[in-house]
Amino acid sequence: MLVTGPSSLTSGKPYVWDVAAMPIHYTVDGGPMSMTSTGAIVVDHATGLARVQAMFQTWQSVSTTAISFSYAGAITAAGLSADGDVDTVSEYNAVQTSCKNGTQSPIVFDSNGAILKGLGLDPLIIGFAGLCKLDSQAGHILSAHVLLNGKFQDGVNDPATSNYELTSDEFDEAITHELGHFSGLDHSQINVEVFNQFAGSCNLDDLAGLPLMFPLAYCQSKKSAGLPLLAPDDRAWISKLYPNAGYPAAYGTISGLIYFSDGITQVQGLNVIARVLDDPNTAQDESKRTAVSVVSGYLFTGNPGQPITGNNPGSSYGSRSPALIGYYEIPVPPGTYTVQVENIDARFTGGSSVGPLYFPAITYGAYEFWHHNESAYDDPSQKDPITVTAGQSVSGINFILNGTPPRFDQYENGLALLHPPAAGWSSARRPGGTLLRRGM
Amino acid sequence: MRKTAAGFLFLLLSADPSAWAQRGAYTRPADLDYIVQQAETILRGHIVSASVEPHPQFPALQTVVVTLKVDKVIKGKAESTHIFRQFIWDVRDSADAAGYRKADELLLFLNPPSEYGLTSPVGLEQGRFRIERDAQGNRFAINGRGNTALFEHVAEKASSRGIVFSRQVQSMLSKRAGRVPLDTLEEAVQVLAGGGR
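Here is what the cut-offs are and how they apply
- Residues numbered from 1 in each chain as written.
- Chains lettered and ligands numbered in written order.
- Predicted model: local features only at pLDDT ≥ 70, side-chain atom pairs only at ≥ 80, totals over all residues.
- Heavy atoms only, no water.
- Helix = DSSP H or I, 4+ residues; strand = E, 2+ residues; numbered from the N terminus.
- Rg over C-alpha atoms; globule rule 2.2 N^0.38 Å.
- Buried < 20%, exposed > 50% of the residue type's maximum accessible area, 1.4 Å probe, protein only.
- Contact = heavy atoms within 4.5 Å.
- Areas by Shrake-Rupley, 256 points an atom, 1.4 Å probe, with all protein chains shown as cover.
- Pairing = 2+ DSSP bridges.
- Salt bridge = Lys/Arg side-chain N within 4 Å of Asp/Glu carboxyl O.
- Expected span 1.5 Å × (residues − 1).
- Arc of directions from axis to C-beta.
- Disulfide = S-S within 2.5 Å.
- Core = buried A, V, L, I, M, F, W, Y, C linked by side-chain atoms within 4.5 Å.
- 1 Å grid on protein atoms, 1.4 Å probe; cavity = no way out; pocket = protein on both sides within 12 Å on 5 of 7 lines; lining within 4 Å.
- Points joined across faces, edges and corners; volume = space filled by probe spheres on them.
- Buried area = accessible area lost by both parts, 1.4 Å probe.
- Polar contact = N/O pair within 3.5 Å; in protein donor to acceptor, adjacent residues only side chain to side chain.

Draft legend 1. Summary view of the overall build of chain A. Looking only at helices and strands, chain A has seven helices and 20 strands in total. Relative to a compact globule of 440 residues, whose C-alpha radius of gyration would be 22 Å, chain A shows 24 Å and is just as compact. When the backbone C-alpha atoms are referred to their principal axes, chain A occupies close to 75 × 60 × 50 Å. Looking at the 440 residues of chain A, the share that counts as buried comes to 56%. Taking the contacts inside chain A whose residues are at least 6 apart along the sequence as the reference set, 66% of them involve residues at least 24 apart. When the accessible area of chain A is evaluated, it comes to approximately 17100 Å², of which 55% is carbon and sulfur surface.

Next comes the structure, spelled out in structure tokens:
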């Protein structure tokens, strides 16, 4: 998720829509959702609108969230026809202007892919979402937008002309994922083992726990498998970002820090998963189905910058508090859990990234369960259960990874360089290398 | 409790992900042959600069303007310095120039520019390969999806057009993910683009 940075009044908080200003008003393209290249309407406006409303409702229906959405009519913008039909790049620019001004949050139907083509994007794009205007002081999302490529719903599946098709379930699932981004959610990694299965034919335990906010649609659509669209992870995080009065009675929290083997240096960018204990008396694997995750250091910036060369001030997003580098916090329904760490999958880079880092921080020794006697030399498969009750915060669930390379040598004080220097850095020569010291 | 059979591991070899998300986008996966055919320009070079600025005609559309020092052109035409403009819609892409960083070496498969001068890598990060070097200086290429499913069905498609690959390329095409030798990838691209070996 996008996290407030140094310019914010409350650095290190996820950007969210203002709960006090609910519902979130969105406008919708006045034209059809999909039409063929010859202009025949395949999915008309009314049907498209109903589908968009149902997708928003999927998020709003979570019983423990306060997020809500309201259809505010057709898109309006200077230069746009009164029917609100957005067909050209020029009209899309007008709509973007109003979105960037915070005037509206539009859902654009690119009914035949013409806008994407004008934007220099290819027909492989099913849809995209983005945040238009932020209040960096308050940490609020003020407006956002979504574009849907109706070409995937035009009934034509002709790879020779790059005209691909998705089922309506697959398409709606993809766009509901985009509405998760619209709401402020980022990607999530749980049951990444699905990559070891047939694409489009994942087992139901994995699929049930697979977040809708997983970076890619690899499995069959959840609806076609008779499963709810949102996994426990999706429901937990939309509720944590937008808790309603029922949230405290429905969730507790597990939190802690991830350390390298030295036990003092925090690790950012590892995936932490809380899985409910499996019940051996059922046919289902509950540990796969009910799991919630977060990435360590998710509130810390992915790019702190550096002052040496003067050309990298760092990202404007994310906290600079060293205490948050390896911190994680997971909202979980009451129950008994195991907690584990793992690497973010190497495939999840850039736009598919999970957590604050652009490239996954592949860390040796990252795969480990938590137990009471964590050390750099423990059995990583040993796991102790953690029971969480509603409203309870279980903290101090800290990991020490095994076998990670040392950060400092025997002549250095490992604690000394954990905090950013108050004064400027300077270098001092000594045989064998250059030391960076502070406050000299 | 059910255990996933270990034998499932090999099934990844036939995996065909249906859609990738990237910085707020969902894209259909594309294989190397599609990427080559769709691209108007394929080139390798180093990034000289990447700056975020509004589109000159449509000021509400944010773009990243990337300047490359071109080292090799495999398809299409490009001068020694190539500049392209890509539409970006996510605030994080605006903050980090969509991940284009000065001095990075890339192999890019670029869509034909639109009438508004905008282009993008084919399949977004699928057509954008970064070049890595190992300790011996050997160069490898990997796209923004870890080359996952990049070579699916490429051999069959090429065979149907009478294309015969070298042994090195055939070996590369059997990979399901992960970085591949740059020279071998470029050889495959050249052949698929119709340039022969």
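Draft legend 2. Structural view of the overall build of chain B. Counting its regular elements, chain B contains five helices and nine strands. Tracing chain B from N to C terminus, the helices and strands come up as β-β-α-β-β-β-α-β-β-β-α-α-β-α. In chain B, of all internal contacts separated by at least 6 residues, the share reaching a separation of at least 24 is 62%. With the model as given, the accessible surface of chain B reaches about 8400 Å², and the carbon-plus-sulfur share is 50%.

Draft legend 3. Seen up close, the sheet that holds strand β8 (residues 139-143) of chain B. Residues and elements named next belong to chain B. If you walk across this open sheet you meet the seven strands as β5-β4-β3-β6-β7-β8-β9, and the pairing is antiparallel. Each of the sheet's edge strands pairs with one partner strand only, and the pair in question is β5 (81-87) and β9 (180-181). Summarising the sheet, strand β7 (residues 128-133) and β8 pair through five bridges and their orientation is antiparallel. Paired with Phe129 across the strands is Asn143, a residue of β8.

Draft legend 4. Structural detail: the environment of Thr253(A). All names here are of chain A. Mapped onto the fold, Thr253 is located in strand β10 (residues 252-259). Judged by its relative accessible area of 13%, Thr253 falls in the buried class. Here Thr253 is in contact with Glu329, Ile330, Val388, Gln392, Ser393 and Val394, once residues within four sequence places are set aside.

Draft legend 5. Spatial organisation of the pattern of salt bridges. Residue and element names in this part refer to chain B. Inspection of the entire model under this criterion finds 23 salt bridges over all chains. Between Glu186 and Arg44 there is a salt bridge, with its nearest N and O atoms 2.5 Å apart. One end of the pair, Glu186, is in helix α5 (residues 182-192); the other, Arg44, is in strand β3 (residues 41-54), and 142 residues separate them in sequence. Given a relative accessible area of 3%, Glu186 falls into the buried group. Arg85 is the partner of Glu53 in a salt bridge, and the nearest nitrogen-oxygen pair spans 3.0 Å. One end of the pair, Glu53, is in strand β3; the other, Arg85, is in strand β5, and 32 residues separate them in sequence.

Draft legend 6. Region of interest: helix α1 (residues 45-60) of chain A. Residue and element names in this part refer to chain A. Relative to the 22 Å expected for 16 residues at 1.5 Å per residue, α1 spans 22 Å between its end C-alpha atoms, a close match to the ideal helical length. For α1, the full list of buried residues reads Gly48, Leu49, Arg51, Val52, Met55, Phe56 and Trp59. With its buried residues spanning 160° around the axis, α1 presents them on a single face.

Draft legend 7. How the structure looks around the state of the cysteines. Residue and element names in this part refer to chain A. In this structure the tally under the stated criterion is two disulfides over all chains. Two residues, Cys99 and Cys132, share a disulfide whose sulfurs are 2.0 Å apart. Since a negative S-S torsion denotes a left-handed disulfide, the Cys99-Cys132 link at about 95° is right-handed. In this pair, Cys99 sits in helix α2 (residues 89-100) while Cys132 sits in strand β7 (residues 125-135), placing the two residues 33 residues apart along the sequence. Accessibility expressed as a relative area gives 14% for Cys132, which makes it buried. For Cys202, the disulfide goes to Cys219, at an S-S distance of 2.0 Å.

Draft legend 8. Representation of the nonpolar core within the structure. Ile107(A), Phe182(A), Ile254(A), Tyr328(A), Leu32(B), Phe109(B) and Leu185(B) are the most contacted members of the largest nonpolar core, which has 114 residues in total. At six residues, the largest contribution of residues to this core is made by α5(B). Dropping the residues within four chain positions of it, Ile254(A) is found in contact with Ala274(A), Tyr328(A), Glu329(A), Ile330(A), Val332(A), Tyr337(A), Val339(A), Ile386(A), Val388(A), Val394(A) and Ile397(A). Counting residues in hydrophobic clusters, the runner-up holds 23 residues, among them Ala77(A), Leu147(A), Ala25(B) and Trp89(B).

Draft legend 9. Representation of the layout of surface pockets within the structure. The volume enclosed by the largest pocket comes to roughly 1200 Å³. Forming the walls of the largest pocket are 47 residues, and the residues nearest its centre are Gly302(A), Asn303(A), Ser315(A), Pro356(A) and Asp96(B). Going through the elements one at a time, α6 (232-241) and β12 (291-295) of chain A together with α2 (91-96) of chain B are the ones with two or more residues in the lining of the largest pocket.

Draft legend 10. Representation of the interface of chain A and chain B. If you look at the interface, chain A gives 62 residues, while chain B gives 55 residues. With both chains or domains summed, chain A and chain B bury close to 4900 Å², and 57% of this area falls on carbon and sulfur atoms. Here chain A and chain B share one salt bridge between them. Within the residue set of the side of chain A that touches chain B, elements represented by two or more residues are α2, α3 (114-118), β7, α4 (168-182), α5 (204-209) and β9 (216-217) of chain A.

Draft legend 11. Main features of the side chain of Thr67(B). All names here are of chain B. Mapped onto the fold, Thr67 is located in strand β4 (residues 62-75). Accessibility expressed as a relative area gives 13% for Thr67, which makes it buried. Those residues in contact with Thr67 that lie beyond four places of it in its chain are His46, Ile47, Val48, Ser49, Thr81, His82 and Ile83.

Draft legend 12. Quick look at unusual backbone geometry. Between Met22(A) and Pro23(A) the backbone carries a cis peptide bond, its omega angle lying at 5°. In this structure, Pro23(A) sits in the loop between β1 (16-17) and β2 (24-28). Located in the positive-phi region is Ala97(B), a residue other than glycine, with phi close to 55°. Structurally, Ala97(B) can be placed in the loop between α2 and β6 (105-110). We classify Ala97(B) as buried; its relative accessible area is 9%. For Ala103(B), which is not glycine, the phi torsion reads 85° and is therefore positive. Tracing the backbone shows Ala103(B) in the loop between α2 and β6. Given a relative accessible area of 54%, Ala103(B) falls into the exposed group.

Draft legend 13. Region of the structure containing the side chain of Asp122(A). Tracing the backbone shows Asp122(A) in the loop between α3 and β7. Among the polar contacts listed, one links the side chain of Asp122(A) to the side chain of Asn111(B), at a separation of 2.9 Å. Ignoring sequence-local partners within four residues, the contact set of Asp122(A) consists of Gln38(B), Asn111(B), Ser120(B), Pro121(B), Val122(B), Gly123(B) and Leu124(B).

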